[in-house]
Each structure stands twice: as C-alpha cells, then as structure tokens.
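If you want the building blocks of each chain, they are given just below.
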Amino acid sequence: MALVLAAVAVGGRADAGAAAANGRGDRAFSILPPGNYGGLPTTEHSTDQLALYDGLTPLRGHVTDADIRSHFLPEDFAPVGATHEEVTGRPGLRILYDSYGIPHITGKTQADVAFGAGWVSARDRGILLVLGRAAARVAVADVPGIDAFSLVTSGQKFVPSAQSEALVTAQQDLLVRTYGDKGRQILADAAATAAGANAYDEANGINRDPFTVNDVIAVTAFIGSIFGAGGGGEATNSDLLAQLQQGLGTAKGHEAWNDVMLSVDPEAPTTTKKTFSYPVRTGGPVTGSLTVDAGSVVPLDPRQHPQSDTDGVVVDAAAVPPGKQASNFLVVAPGRSQSGNSLAVMGPQLGYYYPEIVEQVHLKGPGYESQGVGVPGMSMYTLIGRTHDYAWSLTSANHDVRDVFAEQLCEPDGSPPTRASTHYLYKSVCRPFRTFDAGTLNGDPIVFPKSVHGPVIGTATVHGRPYALTRKRSTFGRDALNLGALKDMTQGKATTPQKFFDTANQFGFTFNWAYASRQRTAYFSSGLLPVRAPGLDRRLPTLGTGGYEWRGFLPGDQHPHDIGGPSGLLLNWNNLSAPGFMQGDDQAYGSVHRVELFNRFPGQVDLADDVSIMNRAATGDFRALVWPEIRAVLAGGRAPSSIDARAVRLLDEYVARDAPRVDADLDGFYDHPGAVIMDAVFRPLAEAVVTPVLGDGDLRASVDRVRGLSGQAGASIIDKDLRLLLGRPETGPLALRYCGGGSLARCRASLWQAIDQGIQPLIADQGTVPGDWRGQAARTTFVPGLIPDTMRSTNRPTFQQVLELQKR
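Please read these numbers as outputs of a predicted model, since none were measured by experiment.

Enquirer: Residues and numbers for the sheet that holds strand β17 (residues 434-441), please.
Expert: Reading across from one edge, β6-β17-β18 is the order of the three strands in this open sheet, with antiparallel pairing throughout. The two strands at the open ends of the sheet, each matched to only one other strand, are β6 (158-160) and β18 (444-450). With strand direction ignored, the average angle separating the axes of adjacent strands in the sheet is 35°. Direction of pairing for β6 relative to β17: antiparallel, over a ladder of three bridges. Paired with Pro160 across the strands is Gly439, a residue of β17. On top of the sheet, helix α5 (residues 126-141) reaches β6, β17 and β18; it is set at about 60° to β6, its chief contact. In the packing of helix α7 (residues 162-179) onto the sheet, contacts are made with β6 and β17, and the angle to β17 comes to roughly 105°.

Structure below.
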C-alpha cells in the first residue's frame, strides 16, 4: 500500500507539471534512489524515492505516460509539493526544500548560489564529505595499489601528506593560466562552496576541519578517476600475451591474444556510424612496445608495513585500475520522435549507496538556471541535468588516457640492475626515481617511487632483464580544468551542438556526452586523448627510455561526435563510441554488447516507448543476444537427455520473452526458469567453445581473468566463432577456429555436453523437471550498509532523467 500511495502522490504533482512546464509543454522528470537525503539519523527523505524507482522495474517494456508520471519526480524547476525554507542568514540567498527533500537554491549572485550549494552538501551529504575529502587526495596523486573509491566506503583513515596537498594546490594556478577570468571565477565559486559548507557546520555546532578550495578540486579528481578514466591495463595484457605465446607458440599465441582482446571489432556496436581514427597500432612496425616474460609481473605495495588491515582498499597496483561503468542514454532526435520534439532517457549508473554519491539540486543564479544532480563538494555546478533549453548526461567512455611505461632499470656505476634498482634509463641518462610520500593509511606510511612518466606500479622482466612498470595518466595534475565544462553547461553556454562540442571538449575525463536541445540532439566523446609515437601497439607497455613519448593530444574534431545519430537515435551503454576508434586497452568491445538490448524502436518514437525500451533492457539478459547462434549449432544434434532438451526449450522461451531477469511478484525468485538455466549453462558453453584452443587449464583461466568468459567478451567470442562455423555472414572473423577445432559436429557435441554438465547442480538441488527450477532473484542493497532497505536488482542509471523538450 505504501508503494501505491507514493506513486499516486507523485503522479498528481507531475500531471500538473507536465501540462505546462515553463509554459512550453515540456515533459521533464528524474529519480534518485533511495532518496536525496544522505545523513544519519535517516529521515523520510532518505528513502522516499526508493518505491518509485523499484516500482518501474516489473513493468519492463510496458511503461505508459501515466507510469512515467507515477514513478519519477518532476524536473521542471519547481518544488514538488509543500516547501520549507532553510535559514542560512546570508542575504541574497534563498534555499527551499520541497516535499522530497530536494533543495531549490536561488542566489542574487553566483557566489550566493555556490554558498548555498556548499551549505546543502554539508547538510545532506556531510558523511560523504568527511569520508571523501582525504580519499580524494589518493585519486589526485594516482597512489598505486590503493582504491580511492573503496577507501571512502571502508571508513579507513587516510591522512594526506604535504606533498599530496601540494599537487592539489598547484591546480589552482593552472585554472587561472588556462582559463583566465573564467578560471578565477571557478576558484571564487569553489571558495564560496567551501564557505557555505563551513557556515552550515558552524550554525549547527559541528566540529570538523574546515572545507577548502582544495577539497573541491580533489573531489573533481575523485569522480574523474573512478568514472572518467580508461586504459592502463598494458601490464596485464602483456602478461597474457606472453602466457599464450608460451603455451601455443609465438605466432598462434599472438593470434589467440588478438582474438580475445577484442580491441576494435568491426562488428562492435557503436553510438555513431561515422568513422573516427584512433587505431590499435600507431603506425609502422611495432618497435616500442614490450612483452614481459610470462608470470614476471610483481605489483608494488606502497604500504611500508603491509601487515596492516586494509582489506578491500589495497589492490593489485599493476593490474587494471579499479573503475565503474554502467551508465546509459537513449536519445531520440526530433525527426524520429512522434511529437517532433527531442526525447531523452539518460543517466549515470553510479552504483547504489547510502549516502548516494550525487545529490539532486536546483540552482538559479544571475542569468542561468539548471536542475539535476551535483557532486557533494563541487555541487555549485550541475554534473548532469538540464537548463531551460537543453539537457545533458554522461556515461563512462573508458578511453585510453592511461599508459604503462616500461622503465629500463640501471645502476649508476654500470653494474647489472636488479628489480631493486633505484635508477632507470631515460634519454641515455641513468637517473634516480623520485620518492613520493602520499601520507598515511591507518597510520601506515604510503610511499612510492615515481619516474618522469608516473608512479611505479610494479616490476617485470623482459628477456630476463628487469624493468620497472609505471603508469602515466593524461589528466594528472589537470583535474580542476574539468570544472570549466561543468560551469559552462550549468550556466547555459551550450546552446547549439557546436557549442556543446566545444564545451564538452574541455572535459579531460573520458565520458560519452549525450545532449538534447529543443532543436537538435548530439553526442560527443570526451577525454584528453594522447597522440602516441609511431611504432606502438597501444595494448602493450611502452618502452620508457625516451623515444616513444606522447606527441600532444587529439583535437576535438577528431573525437567521436555526431548530431542526430544513426536513424535519429543516439544510444550508449558504455559501448564502443565509433568505428575505427579504439578505446581503453583494458576493455573488450566485441560483436555482442548489452547496448543491443536497446532495440525494436518504432518508426516514430514517443516518450513512453523510450522509457519502455530502457526498462526492458534493464532487466534483460545480454547472453540472450548470442543464444540464436548457440541454438543453431545445437539444432542439428540430439540432446543427451530429455531433461537437457526441455532445458533448451525453456531457454528458447526465455529468450523469446526478452530474457526477463525480474521478480515481478516479489516471491523472491526470478519469474522464469530460463534465468537460472542460463546462469547454469552459459559459462560451461563459453568454456566448451574456447577449450579446443586454450585447453582447460591455466591458459583458459588467464583469458577468463583478463577478459571474462562469462561476460560480453565471452559472448562475443562465442558469437563470432559459431557464426563462422555455421557459414553465416561475418566481418572481421577470429584468426583461429575454436569450437570443435572448426568441426561443426564436434562443436555441437561439446555444446550439448556443456549444457548437460551445467544443469547437473540444478537437477541435484531442484529435481528433474526444468519448468520447476527457480533461481533466487538478486536484490540490491545500499553500500556500505547504513540502511537496511533493498530493491529488485535492475541495470538502470542511478540518477535518471526522462525528458521531452518541446521544439520551438
């Protein structure tokens, strides 16, 4: 009953708002579970959006206009329901909180607005500000082996050093040197934001260290390092290549490596169909990329006393840096929409936390107004949201802004180097590593060496010779510059697609930007993308002796971008941005990708269609995309048993119903047995496909560890290999034949055996009637466990906007 009442209450308010938002006939909504308040003790606004968000899930692809009004809040620059004023004592500033705890900040000056933003961040996200400010310095300094995001949620104590703080302070001067007056205004806004947070603390008797401009800059780096960086997995990739060549031979091992890397598959789904060039190889013979000796990579641990308890925070420094990506957008151009208006369903998938890591806010200042979400500590600008004339959103693009360099170790006296050597060769000089003191973690000093390229992340050998591995990030020391793009988007500067492109290109962090205005829709993929020297394979470590340095950065017009999109649609779910454009070396982009679940758009799209397609995909199973190929191979053979045959028929039915991984009736189990059957058989199927080449031992395990046989990479390998076996059309086939060693009959037998193997635990646990099998439905909790609430798991954006902007 509570869920129904909540939905009815929102629906009544949204009906009025939808009819005359801004007098333009717009329809604009948003949602942020569990709620906009993120403090302790909790309040009604801690969880009052949870029922709305969860209520959309079981509707899948059958969302109506009424459902949109019932399961989202208006985003029309007006408070929802009753309001109360937050008294700050600052003339020129008014903060109204509405009935969902969303602050509406109006300031006579830009400083008033920024002050108000700082005030509400301290009020609504004080816990996060305290936990995040120190951890953000870990992101600024690129501390190897420490996961800044996990540090926030762990509650462990990091104390930054003077060296770490100096890295942040230096960015204040960079802002002014780069942007001039705009840079000075950003610093003034940051100072006002910090002052607002401090004023809230003082007014409420809260005793904590004052917030500063440096905190704002550090928070910017924190968000960018987690959601806006890609690449940096070259050491892992190189080790995988070495293992495959050791096990399969040099030539065949390299072919297998190319197959499983899936770096730029010509069949990979892309957001734009326009070709942009950023290839795997940088030109000419590969002379500056190294392959490490198999198993030789040893990661660095920056702790001086590694026995300290830092579970979950310390990670493998030489492996792919931790990150998150699951955001999406579905943007429809006016010419493709039923109403002739721009449509957008879009948002970032940030994970589910309490307190949530963004906050809803409405900002109104001199000459501008925006509404959406901001990042606590830098919420004087809207991260994702809308103005009166356009809206925007971001998804992680995972572009290649990090490179691993292999520093050739040396000794000043010319003696043979070892892994313990403290010098490296750069431009013919044996020079010492610099020591960086980052601070302390739980009292344990965090210290690591740095080269001209960046922090040392580990050591390895190449043909027996020791090398130090370092990681260079293009945006290092430049994090604050990203605030320029957010300032301009917030304050209404992106009035045309070209102005939007120019604004987004200020963002050095790597994101896909979706844009919808009253006239046009557009897309831009941002990032400070290095132009690399010839002679490199971007997937491998670069020789760091000075001959293969970066040669500048890719200009904005060479970034993937588009207006309107293919057939009037701009679709992204962290997929490849454009044909010919390699993204991060740490991700696979193959022929199967979840963005393909955004399908079956009608010829003329309305807003409910757009939401329905998103919502159906959110509980869809991407593995269903490759089931037709698996089924075609199975079709020519006999099932090992009637139980296997029935399981396969249920999978056919499951896929025909759009593979629903949903518990609509809340009985605790997925509604269709196909969900648990797919879970049981998919990994054995993927293993069966690759085993004829990789074997069932260490090589297969290594490929699985790097690319994930149970994920989209595994599905892509299955798809491409089986289509070739079936004689179906294919572009860019794999170099090797995997399933059955290229024999359709042997492949078919191995896939039936895999299904039989996969369902044995289900038979043992639930009996011999596949129609009765049930899998426990996943439910999502809110990290780190400060609230007990849960919801049905769904792969939707955490903050989500639903918009129709009436064409002028």
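Enquirer: I'd like to hear about the pattern of salt bridges, residue by residue, with values.
Expert: This model, assessed by the stated rule, comprises 41 salt bridges. A salt bridge links Glu267 to Lys720, with the nearest nitrogen and oxygen atoms 2.6 Å apart. Residue Glu267 is located in the loop between α11 (250-261) and β7 (298-299), and its partner Lys720 is located in helix α19 (residues 712-726); the two are separated by 453 residues in the primary sequence. Residues Asp621 and Arg623 are paired through a salt bridge, measuring 2.9 Å at the closest nitrogen-oxygen approach. Looking at Arg623, the relative accessible area reads 11%, which means it is buried. One continuous salt-bridge network, built from bridges that share partners, spans Asp265, Glu267, Asp719, Lys720, Arg723 and Glu730.

Enquirer: Kindly report on the state of the cysteines, identifying the contributing residues and their values.
Expert: Tallying each qualifying case throughout the model produces two disulfides. With its sulfur 2.0 Å from that of its partner, Cys739 forms a disulfide with Cys747. Looking down the S-S bond of the Cys739 and Cys747 bridge, the torsion is 90°, so its handedness is right-handed. Here the two residues Cys739 and Cys747 agree in accessibility, since each one is buried. Once the bonded cysteines of the protein are numbered in order along the sequence, the disulfide links fall as 1-2, 3-4.

Enquirer: I'd love a proper account of unusual backbone geometry, names of residues and values included.
Expert: Note that the residue after Pro33, namely Pro34, is joined by a cis bond; omega there is 0°. For Pro34, the location among the structural elements is in the loop between β1 (27-31) and α2 (50-56). Look at the link from Tyr354 to Pro355: it is a cis peptide, with omega at 0°. Within the secondary structure layout, Pro355 lies in the loop between β9 (342-347) and β10 (359-365). Positive phi values are uncommon outside glycine, yet Leu262 reaches one of about 50°. On the accessibility criterion, Leu262 (5% relative accessible area) is buried.

Enquirer: Could you give an account of the nonpolar core, with specific residues and numbers?
Expert: Judged by nonpolar contacts, the single largest core of 103 residues is most densely connected at Ile68, Phe598, Ile630, Ile677, Leu722, Leu751 and Trp773. Counting residues per element, this core draws most heavily on helix α17 (residues 674-694), which supplies 14 residues. Grouped together as the second largest cluster of nonpolar side chains are 98 residues, Val140, Val375, Tyr390 and Leu483 included.

Enquirer: Please give an account of helix α13 (residues 497-504) that cites residues and values.
Expert: Taken together, the buried positions of α13 are occupied by Pro497, Phe500, Phe501, Thr503 and Ala504. Looking straight down α13, one finds that the buried residues subtend no more than 165° of arc, so they occupy a single side.

Enquirer: Describe the packing of helix α10 (residues 234-248) against helix α18 (residues 698-707), naming the residues involved and giving the relevant values.
Expert: For the pair α10 and α18, the least separation of the axes is 10 Å and the interaxial angle reads 160°. Between α10 and α18, the interaxial angle falls into the category roughly antiparallel. Like other packed secondary-structure pairs, α10 and α18 cross with a definite hand, here left-handed. Residue-level contacts link Thr236, Asn237, Leu240, Gln243, Leu244, Gly247 and Leu248 of α10 to Leu699, Ser702, Val703, Arg705 and Val706 of α18. When grouped by side-chain class, the residues that make up the contact of α10 with α18 number six nonpolar, five polar and one charged.

Enquirer: Break down the pairing of strand β22 (residues 521-525) for me, with residues and values.
Expert: Within β22, five of the five residues are buried, leaving the element largely enclosed by the surrounding structure. The alternating pattern of β22 places Thr521, Tyr523 and Ser525 and Ala522 and Phe524 on opposite faces, both of which are buried. Bridge count for strand β21 (residues 511-517) against β22 is five bridges, and the pairing is antiparallel. Each bridged residue has a counterpart across the sheet, and for Trp513 the counterpart in β22 is Phe524. The antiparallel hairpin formed by β21 and β22 contains three residues in its connecting segment. With three bridges connecting them, β22 and strand β24 (residues 561-563) associate as antiparallel partners.

Enquirer: Got a sec to walk through the packing of aromatic side chains? Specific residues and values, please.
Expert: A full pass over the atoms with the stated rule returns 21 aromatic pairs. With centroids separated by 4.8 Å and ring planes inclined at 5°, the aromatic side chains of Trp573 and Phe598 adopt a geometry described as stacked. Of this pair, Trp573 sits in the loop between β25 (569-572) and α14 (607-618) while Phe598 sits in the loop between β25 and α14, placing them 25 residues apart in sequence. By relative accessible area, Trp573 is classed as buried at 1%. Classification of Phe598 as buried rests on a relative accessible area of 5%. Following the ring pairs from residue to residue traces out a cluster consisting of Tyr390, Trp392, Phe500, Phe501, Phe507, Phe509, Phe511, Trp513, Tyr515 and Phe524. The aromatic ring of Tyr97 is capped on one face by Arg123, whose charged end is 3.9 Å from the ring centroid. Lying across the ring of Tyr179, Lys182 places its NZ or CZ 4.5 Å from the centre.

How each quantity is defined
- Residues numbered from 1 in each chain as written.
- Predicted model: local features only at pLDDT ≥ 70, side-chain atom pairs only at ≥ 80, totals over all residues.
- Heavy atoms only, no water.
- Pairing = 2+ DSSP bridges.
- Helix = DSSP H or I, 4+ residues; strand = E, 2+ residues; numbered from the N terminus.
- Axes fitted to C-alpha atoms, helices over the stretch in contact; angles between N-to-C directions.
- Contact = heavy atoms within 4.5 Å.
- Salt bridge = Lys/Arg side-chain N within 4 Å of Asp/Glu carboxyl O.
- Buried < 20%, exposed > 50% of the residue type's maximum accessible area, 1.4 Å probe, protein only.
- Disulfide = S-S within 2.5 Å.
- Core = buried A, V, L, I, M, F, W, Y, C linked by side-chain atoms within 4.5 Å.
- Arc of directions from axis to C-beta.
- Parallel < 35°, antiparallel > 145°, perpendicular 65-115°, else oblique.
- Left-handed = near helix turned anticlockwise from the far one by under 90°.
- Nonpolar A, V, L, I, M, F, W, Y, C, P; charged D, E, K, R; others polar.
- Phe/Tyr/Trp six-rings, centres within 6.5 Å; stacked < 30°, edge-to-face > 60°.
- Lys NZ or Arg CZ within 6 Å of the ring centre and 35° of its normal.

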